[in-house]
Amino acid sequence: MSLHASVAVRRGTLDLRLDVEVADGEVLAVLGPNGAGKSTLLRVLAGLLPPDGGGVVVDGATWDCDGVHLAAHRRSLGMVFQDALLFPHLSVADNVGFGLRTRGTAKAAARAAAAAWLARVGLEGMGARRPGELSGGQAQRAALARALVGEPALLLLDEPLSALDARTRLAVRAELRRHLADFRGSTVLVTHDPVDAMALADRVVVVEDGRLVQEGTPEEIARRPRTDYVARLVGLSLLPGTGEGRTVRVDGGGVVAVAEEAVGAVFAAVRPESVALYLSRPEGSPRNVWRATVAGATPHGGTVRCDLAGEVPLVADVTATAFAELGLTVGAQVWAAVKASEVAVYAR
Amino acid sequence: MRVPPAFLLASLLTLSACGSAGDAPPGGSEGDRGGGTLPTLSGTLTVFAAASLTDVFTDLGEQLEAQHPDLEVQFNFAGSSALAGQLTQGAPADVFAAADEAQMARVAEAGLAGDAELFASNRLMLAFPADNPAGLRKPPSGIPSLGELLPEDLTLAVCAPEVPCGAAAQEVLEQVGRTDAPDTYEEDVRGVLTKVQLGEVDAGLVYRTDVMSGEIPAFAFAESEAAQNRYPVAVLDDAPNAAAARAFTDLLLSEEGRRALTDAGFFEP
Amino acid sequence: MSRSREGAPVPAPLLVPAAIGVLFLTLPLLGLLVRTPWSQLGAQLTAPGVGQALRLSLVSATLATGLSLLLGVPLAWVLARSRARGRTVLRALVTVPLVLPPVVGGVALFLVLGRQGVVGSWLDDAFGITIPFTTTAVVIAETFVAMPFLVISVEGALRAADARFEDVAATLGAGRWTTFRSVTLPLVAPGIAAGAVLCWARALGEFGATITFAGNFPGTTQTMPLAVYLALQRDPDAAIVLSVLLLGVSLATLLLLRDRWLGRAGAA
């Protein structure tokens, strides 16, 4: 275990008490609604906010403990923010090399390292540009290079994809996944998007109102939500398969039509609220339609979560009213339909 | 100075009667309230006067107002040059009293005033801070020359040559061959006084009237008599309240006015 | 400057007051130009005292701006970033010279830096230094009056600047000082430039505090505004010529600097 943190912070209405541990090379996703304290946790880990109690230990070095507070700039960390936050007055290369320069690397060496990292994130030859000349995705890649170039012990990602448009997000997410696989330090990813958590994290902690409500692998979280929020948030059906252009052949059998080109080993993810249930086969439209059996039904607030068994295993959320109107019971035969554009695809 | 009210009233009555016996009818009068021959003045009288006249003129103005309840006397006290500038730019006024003849001449040349009458003169004195940092000393007897009073290396404030007190200062310094002595040329005599009072200069050339109260120690010197500046007063040609203006200048030139001026430290013109 | 809105029509409720505002600000200027006895211009320009006063004005205003930058930018940072308790009071105190009549400011400077002043008397006793009636006093008086303009402008820029950039710098190993130098300062550079221009212009036109604290002596403390005021006492035409000269020189300077800054910003 490389990051041990036990953090207590009180700020305004927020009362954050959270223990997190992240091993070397592990990616921990902190998932939760706005105001849950996710970003506050990151600020504490980064040293930008001293905790009111608890401690942060990285690779055996104490960063925060009673009375001890290592300033942010003395911590071996890299951080990527929601907006890339590249310094507008520096070139892209100088942005990437910034951390090396402040830590005493010579100019030429910093420049060379920056150029190498820019190439790694697919921005070869763009070092001389100003941040304003980059697209959102390019800027976020540069920000990632800037955070990783110093080979930090801890990488902090604060909603790194949420400012990007859907198409760019897919591409950057895939790339981020690749770089995280290569990264040997510990990573903490804060996000409110379950797809990010599922695609990027080895382990997920769900935080609500400053408290941990659930912890586990993405699959465990998705399978057994313990609160409404988790259920709604991460109740994705995760379908591993092989991309074949506009379709994904699911490993367990069955084919899913998707909106984006997909090649190779991928996940297809379907949100439960995107799954519509019918008693007879729906007509027309380029949808995914499968026969399924209701294997289980659990009410959550105004909705009922239905586990569907069949060629493609899915989870569907239907309103309690619809559930009653359709006369659904466990064992009922239904048709499940999902629009291709509602299926998220990302590399495995 | 305390004058018995009855005497004051009597003298003012006489004065006003004299004024009205002249050429112009009383301006802005709305009926004979006082009875007898006393003309009633009303409206507003605007007097532009050199700053050094502030105390004397304020008193005289109050006297005039006491005699004419419907009359309001307004003063604009400032540097004579500034006042002359305002008048030539068309500021409405009834009376102009300047601290030197040059500024009155500016107004006359602009065709705004006819004959002016001299009513007082002022002389420079060498004022110094209460703790006398330069150790200025007066010879035991007689009136000294400014040259004797000024040590070589003192810090001296004078008025700028552009304003009346500065023109006089320039003159006395020339007489004693010490035009190199000033360290600062102030825009008016207040500037000199401020610096003396704050002890930031060793001495300053100011008007006798400025140090009459005795708060600021000062020495008289021989050259000041030759370089005195004389105060002219004139009723402006376009005076909106000419009658009141004339009443005011008459009061100023009367025995009463002269006494007030002398008490304030002015000399006869 | 926003290119996307170029050519968008200005709504009438804004246009009319804006036009009146322009007239209000420029008509007196126009009046000055109309009244200028251009035939006297040459004679006035070559008059010995005028060049001296103009040079002194430019030099002292520039020095005052430099001093203001040196002290005012850090002060603005403290006001914008520190969470110290007395910050509100501090801000109010710092802006006092804005509301204080400059003449009173000059007297206040005497009370501190004059030879009878708290600090001034010590300087006099210990080092034999007296400040009043020297060019140093001119620079101090101008700095006193003009620095708040810089402080307010830079503080505004600092508040508007995204403080998260400073967080980013910290996570990249930059200490507070490095962050200030290599991130904060460049980010607020336009605000600093605007503040410096305001400060310089205010210093150039400074009259009250200067004549009170520094006095008026040709060559050492007589700046253009003092020369203009005194010329006005005797010869209004000469005063107008001097004013127009001061106006021309300051406008030329500002336009020159503006072009340079805009040129840089354009390249960015």
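Bear in mind the structure is a predicted one, so any value in this text is a computation, not a measurement.

## So, the overall build of chain C
Thinking step 1. What chain C contains, in helices and strands, is 14 helices and zero strands.
Thinking step 2. In chain C, the order of α-helices and β-strands from amino to carboxyl end is α-α-α-α-α-α-α-α-α-α-α-α-α-α.
Thinking step 3. For chain C, the C-alpha atoms occupy an extent of roughly 65 × 65 × 35 Å along the three principal directions.
Thinking step 4. Every one of the 268 residues in chain C was classed for burial, and the buried ones make up 39%.
Thinking step 5. If you take every contact in chain C between residues at least 6 apart in sequence, the share linking residues at least 24 apart comes to 75%.

## With respect to the overall build of chain B
Thinking step 1. Looking only at helices and strands, chain B has nine helices and 10 strands in total.
Thinking step 2. Residues counted as buried form 50% of the 269 residues belonging to chain B.
Thinking step 3. Long-range pairs, those at least 24 residues apart, make up 75% of the contacts in chain B between residues at least 6 apart in sequence.

## Brief notes about the interface of chain A and chain C
Thinking step 1. On the side of chain C, 15 residues touch chain A, which itself brings 16 residues to the contact.
Thinking step 2. Every element with two or more residues in the side of chain A that touches chain C is listed here: β7 (77-80) and α2 (92-102) of chain A.
Thinking step 3. Residues belonging to the side of chain A that touches chain C are distributed by class as follows: nine nonpolar, five polar and two charged.

## Description of the interface of chain C and chain B
Thinking step 1. Taken together, the 18 residues of chain C in the interface contact 17 residues of chain B.
Thinking step 2. Per-element accounting of the side of chain C that touches chain B gives the leading share, five residues, to helix α13 (residues 224-234) of chain C.
Thinking step 3. Of the residues in the side of chain C that touches chain B, the class split is 10 nonpolar, six polar and two charged.

## What about the sheet that holds strand β7 (residues 182-186) of chain B?
Residues and elements named next belong to chain B.
Thinking step 1. Sheet architecture is open: five strands sit in the order β7-β6-β8-β5-β9, paired in mixed fashion. Lying at the two open borders of the sheet, with one neighbouring strand each, are β7 and β9 (218-219).
Thinking step 2. For strand β5 (residues 124-127) and β9, the ladder comprises two bridges, and the chain directions are antiparallel. Of the residues in β9, the one forming a bridge with Ala127 is Ala218.
Thinking step 3. Along the sheet, helix α6 (residues 164-175) contacts β5, β6 (156-159), β7 and β8 (203-207); its crossing angle with β6, the most-contacted strand, is approximately 125°.

## Examining the sheet that holds strand β12 (residues 237-250) of chain A
All names here are of chain A.
Thinking step 1. Here three strands make up an open sheet; going across it, the order is β12-β13-β19 and the pairing antiparallel. Edge positions in the sheet fall to β12 and β19 (343-347), since each has one partner strand and no second. The sheet shows a mean angle of 45° between the axes of neighbouring strands, taken without regard to direction.
Thinking step 2. Pairing of β12 with strand β13 (residues 255-270), which is carried by 12 bridges, proceeds in the antiparallel orientation. From the neighbouring strand, Glu244 faces β13, where its bridge partner is Val263.
Thinking step 3. This element, helix α5 (residues 166-182), spans β13 and β19 of the sheet and lies at about 35° to β19.

## Description of the environment of Gly257(B)
Residues and elements named next belong to chain B.
Thinking step 1. Note on placement: Gly257 falls in helix α9 (residues 255-263).
Thinking step 2. Separated by 138 residues in the primary sequence, Gly257 and Phe119 have C-alpha atoms spaced 9.0 Å apart.
Thinking step 3. If sequence neighbours within four positions are ignored, Gly257 has contacts with Leu60, Leu251 and Leu252.

## Some words on the domain arrangement of chain B
Residues and elements named next belong to chain B.
Thinking step 1. Split into domains, chain B comes out as domain 1 (5-22 + 40-121 + 230-263) and domain 2 (124-224).
Thinking step 2. Each side of the interface is counted separately: domain 1 has eight residues, and domain 2 has 10 residues.
Thinking step 3. Looking at the side of domain 1 that touches domain 2 residue by residue, the classes come out as two nonpolar, five polar and one charged.

## Some words on the nonpolar core
Thinking step 1. Judged by nonpolar contacts, the single largest core of 160 residues is most densely connected at Ala142(A) and Ala268(A).
Thinking step 2. Top contributing element to this core by residue count: helix α8 (residues 135-160) of chain C, with 16 residues.
Thinking step 3. Counting the residues that make up this core, at least three belong to each of domain 1 (3-234) and domain 2 (237-347) of chain A.
Thinking step 4. If near-sequence neighbours (up to four positions away) are discounted, Ala142(A) is found in contact with Ala84(A), Leu86(A), Val92(A), Asn95(A), Val96(A), Val121(A), Leu123(A) and Leu134(A).
Thinking step 5. In this structure, Val211(B), Ala53(C), Met224(C) and Val241(C) belong to the second largest nonpolar core, which totals 51 residues.

## With respect to the pairing of β6(B)
Residue and element names in this part refer to chain B.
Thinking step 1. Alternating residues of β6 divide into Leu156 and Val158 and Ala157 and Cys159, and every residue in both groups is buried.
Thinking step 2. Bridge count for β6 against β7 is four bridges, and the pairing is parallel. Paired with Ala157 across the bridge in β7 is Thr184.
Thinking step 3. With two bridges joining them, β6 and β8 adopt parallel strand pairing. Its bridge partner being in β8, Leu156 is matched across the sheet by Ala203.

## Side note on helix α3 (residues 48-81) of chain C
Thinking step 1. For α3(C), spanning 34 residues, the distance from its first C-alpha to its last is 49 Å, which sits close to the expected 50 Å at 1.5 Å a residue.
Thinking step 2. At Leu69(C), α3(C) is deflected by roughly 30°, the largest bend along its length.

## Section: helix α4 (residues 101-109) of chain B
All names here are of chain B.
Thinking step 1. Residues Gln103, Met104, Arg106 and Val107 constitute the buried set of α4. Taken down its axis, α4 places every buried residue within 150° of arc, on the same side.
Thinking step 2. Tucked into the core, α4 has its buried residues touching α3 (80-88), β3 (95-97), α6 and β10 (229-235).

Basis of the calculations
- Residues numbered from 1 in each chain as written.
- Chains lettered and ligands numbered in written order.
- Predicted model: local features only at pLDDT ≥ 70, side-chain atom pairs only at ≥ 80, totals over all residues.
- Helix = DSSP H or I, 4+ residues; strand = E, 2+ residues; numbered from the N terminus.
- Buried ≥ 20, exposed ≤ 12 C-beta atoms within 10 Å, placed from the backbone.
- Contact = placed C-beta atoms within 7 Å.
- Nonpolar A, V, L, I, M, F, W, Y, C, P; charged D, E, K, R; others polar.
- Pairing = 2+ DSSP bridges.
- Axes fitted to C-alpha atoms, helices over the stretch in contact; angles between N-to-C directions.
- Domains from an automatic or database assignment.
- Core = buried A, V, L, I, M, F, W, Y, C linked by C-beta atoms within 7 Å.
- Expected span 1.5 Å × (residues − 1).
- Bend = angle between axes of the 7 residues up to and from the residue.
- Arc of directions from axis to C-beta.

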